[in-house]
Amino acid sequence: MKHLPKFLLIPVFAVFLPALKADVTLPAIISDHMVLQKTAKVPIWGKADPGEEVSVSLPGAKATAKAGDDGKWKLVLNLKDSAPGPFEMTVQGKNLLKISDVVVGEVWVASGQSNMEFELRKTIDADKEIAESANPMLRQFTVKKSVSPSPLDDTEGQWLAASPETSGSFTAVGYFFARKIQNELRVPVGIVHTSWGGTPSEAWTSPEALKTVPELSEASNRLWADFAAYPEAKASYLKTMAAWVSANAREDKPSNDVTAFAGAEVSFPELSPRQLAAAPVPTKTAATPQHTASFLFNGMINPIVPYAIRGVIWYQGEANAGRALQYHTAFPLLISDWRKVWQQGDFPFYFCQLANYMPKKTDPGESAWAELREAQNQTLQLPHTGQAVLIDIGESGDIHPRNKKVAGERLARLALANDYGKSLPDSGPVLKSVKIEGDKIRLSFDKAEEGLTAAPLAPTFTVISKTGETAPLVRNSPDSPLEGFAICGEDRKWVWADAKIDGDSVIVWSEKIPAPVAVRYAWSDNPTCNLTNTAGLPASPFRTDDFPLTTANARY
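Numbers given for residues are sequential positions, taken from 1 along each chain in its written order. Restriction of local features to residues with pLDDT of at least 70 applies here, the model being predicted, together with a cutoff of 80 or more for giving and counting side-chain atom pairs; totals for whole chains, interfaces and linings are based on all residues. Note that the side-chain values use all heavy atoms of the structure and ignore hydrogens as well as water.

1. Here we look at the overall build of the chain
Phase 1: Along the backbone of the chain there are eleven helices and 25 strands.
Phase 2: Summarising its shape, the C-alpha atoms of the chain cover approximately 105 × 85 × 50 Å along the three principal directions.
Phase 3: Carbon and sulfur atoms make up 54% of the accessible area of the chain, which amounts to about 25,900 Å² in all.
Phase 4: Here the chain contributes 57 positive and 63 negative side-chain charges, whose respective centroids are spaced 5 Å apart. Working definition: helices are DSSP H or I runs of at least four residues, strands are E runs of at least two. Numbering for both runs from the N terminus. Accessible areas in this description were obtained via Shrake-Rupley with a 1.4 Å probe; residue shielding takes into account the shown protein chains only. The sign given to each residue is positive for Lys and Arg and negative for Asp and Glu; His and the chain ends receive no count. Working definition for charges: the position is that of NZ of Lys, CZ of Arg, CG of Asp or CD of Glu.

Here it is as structure tokens:
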């Protein structure tokens, strides 16, 4: 530098000086139009110069923090008594940031796979719903789809208020959930939407959590190793294949070939068995990134932690149905994992049970989807969980039922009843006890809500609602008021059963089974079933047996 002409020194230093000062920055989720949770501990975080003091202010709330050696800072605002706003939030360090149109209310994360990703514009009566959606106090932040082998600090996205111009792209389940919550509470509601179609729960679970379960840890290690090794293995295969092609005269060289013309085909010299045996074996394809353990947690959950939330709504499971028994472990693991990393206690976690789907079966039998629903039922043993049963709104020909309004509003019932003090039924009948009475079995239920009901059955069922396609409904138990029950004896051969309501119980029997041992209800991919409570909420599918499951040996 000392040998440079003096007139060059100023420009050179001008280039380097800006790098010596880093502006205070915020993650994408802390931005204009955001909804903050009305609670005593609302984390605000970002980056600055190491040691830099940062203060954050909202009307009635202020806090300061100092950036650590890594440049990261975090503070907590007390918004327990905050008015809804809107407000302007200021962030002051060496520079000043102003976040406009900030409101304070209720924030829920909406996550899962394609049925949570399903947009409002695709639902039943979408045009009407979107036209009436103007609501500046209902807002959504959509996390950009991202996969990563390591945790990311930030994402891309922006907060949008619901309006005819924006709401069509909202998660439909999240929108209907938020709208019902807001209609009841009259407060701002924000949805943080982070979902990706066709993805398993393990991709949404942190590496630390997966390591606590040996079989999931082993699978994760294998998938991570395959993913890391795949680029080099593929390059090696392509190089080896190119050499084999050349050595065996398999290149596409029109001058040496019989060129396809007037119906003639290109021909190559016939390969010997030795030549064929020497052909390189194609590289084993690694799992796609969005299916790889923890890659979605790293890319789409970690960037929004520790944003203050009331809870989570979740619609996922289709991608795990082939491994339903393993979901008994994997799904509760995910819930406990998120609660641990968020450090906001056992926040509510409400999920959609898989809707009915696929062709109807004429005989009772086994079903991976029924087994997955059972795993979802078992997850209710975790505290502060709830399930929206959707066994009555599915479509046999479409894995994405368009009736997302019912799904969202049933999730909202759970929140309103359990978190917001509203007196309303939050669930359909849930099996409580089983008693064999001679040639019949008596089933007792919780959540009967002033009585059980046999809902009317329509003469047709939905195949694909988008096209209006339906099919005739064939009754399995045409003389029975209740449909969907199957019964078996010691031989474990299932037959359709008759069933009737008796107070808060259901009595099940079949003349073909004089000594019954077990009952199943709605145990099918797409069952015909009609047990509800007087609130019209459907009973959850169940079985009273413990026979081996078809998915018992399937692993991630």
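2. A word on helix H10 (residues 368-379)
Phase 1: For H10, spanning twelve residues, the distance from its first C-alpha to its last is 17 Å, which sits close to the expected 16 Å at 1.5 Å a residue.
Phase 2: Burial classes follow relative accessibility: with a 1.4 Å probe on protein chains only, a residue under 20% of its type's maximum area counts as buried, one over 50% as exposed, and anything between as partly exposed. Turning to H10, its buried residues are Trp-369, Ala-370, Glu-371, Leu-372, Arg-373, Glu-374, Ala-375, Gln-376, Asn-377 and Thr-379.
Phase 3: Throughout, a contact is declared for two residues whenever any of their heavy atoms are within 4.5 Å. The secondary structure elements touched by the buried residues of H10 are helix H9 (324-342), strand S12 (349-352), strand S13 (385-388) and strand S25 (542-543).
Phase 4: Nitrogen and oxygen atoms within 3.5 Å of one another constitute a polar contact, given that in protein one can donate a hydrogen and the other can accept it, and given that sequence-neighbouring residues count only through two side-chain atoms. For H10, the capping residue at the N-terminal end is Ser-367, with a side-chain oxygen 3.3 Å from the backbone nitrogen of Trp-369. For a helix, the expected span equals 1.5 Å multiplied by the number of residues minus one.

3. A few points about helix H4 (residues 172-185)
Phase 1: The end-to-end C-alpha distance of H4, which contains 14 residues, comes to 20 Å, matching closely the 20 Å that a straight helix rising 1.5 Å per residue would cover.
Phase 2: Burial of H4 is extensive: ten of the 14 residues sit out of reach of the surface.
Phase 3: Within the span of H4, buried status applies to Ala-172, Val-173, Gly-174, Tyr-175, Phe-176, Phe-177, Ala-178, Arg-179, Ile-181 and Gln-182.
Phase 4: Phi turns positive, to about 60°, at Arg-186, one or two residues after H4.

4. Quick notes on the confidence of the model for the chain
Phase 1: On a scale of 0 to 100, pLDDT captures the predictor's confidence in every residue. Summary statistics for the chain give a mean pLDDT of 92 and a share of 94% for residues scoring 70 or more.
Phase 2: Predicted confidence is poor over residues 1-19, with pLDDT under 50, and the contacts of this stretch with residues over four places away or in other chains come to four contacts.

5. Side note on the environment of Ile-487
Phase 1: By the element assignment, Ile-487 lies in strand S19 (residues 485-488).
Phase 2: Classification of Ile-487 by relative accessible area gives buried; the value is 0%.
Phase 3: Placed 430 residues apart in sequence, Ile-487 and Ser-57 show a C-alpha to C-alpha distance of 64 Å.
Phase 4: Not counting chain neighbours up to four residues away, the residues in contact with Ile-487 comprise Ile-441, Lys-493, Trp-494, Val-495, Ala-497, Val-508, Trp-509, Ser-510, Ile-513, Pro-516, Ala-518 and Val-519.

6. Points about the pattern of salt bridges
Phase 1: By definition, a salt bridge exists where a carboxyl oxygen of Asp or Glu is found within 4 Å of a side-chain nitrogen of Lys or Arg. Evaluation of the coordinates by the stated rule reveals 24 salt bridges.
Phase 2: Linking Glu-117 and Lys-145 is a salt bridge whose minimum nitrogen-to-oxygen distance equals 2.6 Å. Of this pair, Glu-117 sits in helix H2 (residues 114-117) while Lys-145 is found in the loop between strand S8 (135-142) and strand S9 (159-162), placing the two residues 28 residues apart along the sequence.
Phase 3: Its salt-bridge partner being Asp-545, residue Arg-520 comes within 2.8 Å of it at the nearest N-O pair. Remark: Asp-545 occurs in the segment after S25 and Arg-520 occurs in strand S23 (residues 518-521); sequence separation between them is 25 residues. Pair check on accessibility: Arg-520 and Asp-545 agree, each one buried.
Phase 4: Through salt bridges with shared partners, one network takes in Glu-366, Glu-374, Arg-520, Arg-543 and Asp-545.

7. What to know about the sheet that holds S23
Phase 1: One bridge is not enough; two strands pair if DSSP finds at least two bridges between them. Pairing in this open sheet of four strands is antiparallel, and the strands run S20-S19-S23-S25 from one edge to the other. One side of each edge strand has no neighbouring strand; the edge strands of this open sheet are strand S20 (495-496) and S25.
Phase 2: Examined bridge by bridge, S19 and S23 share four bridges and lie antiparallel to one another. Each residue of the ladder has a partner; that of Ala-486, found in S23, is Arg-520.

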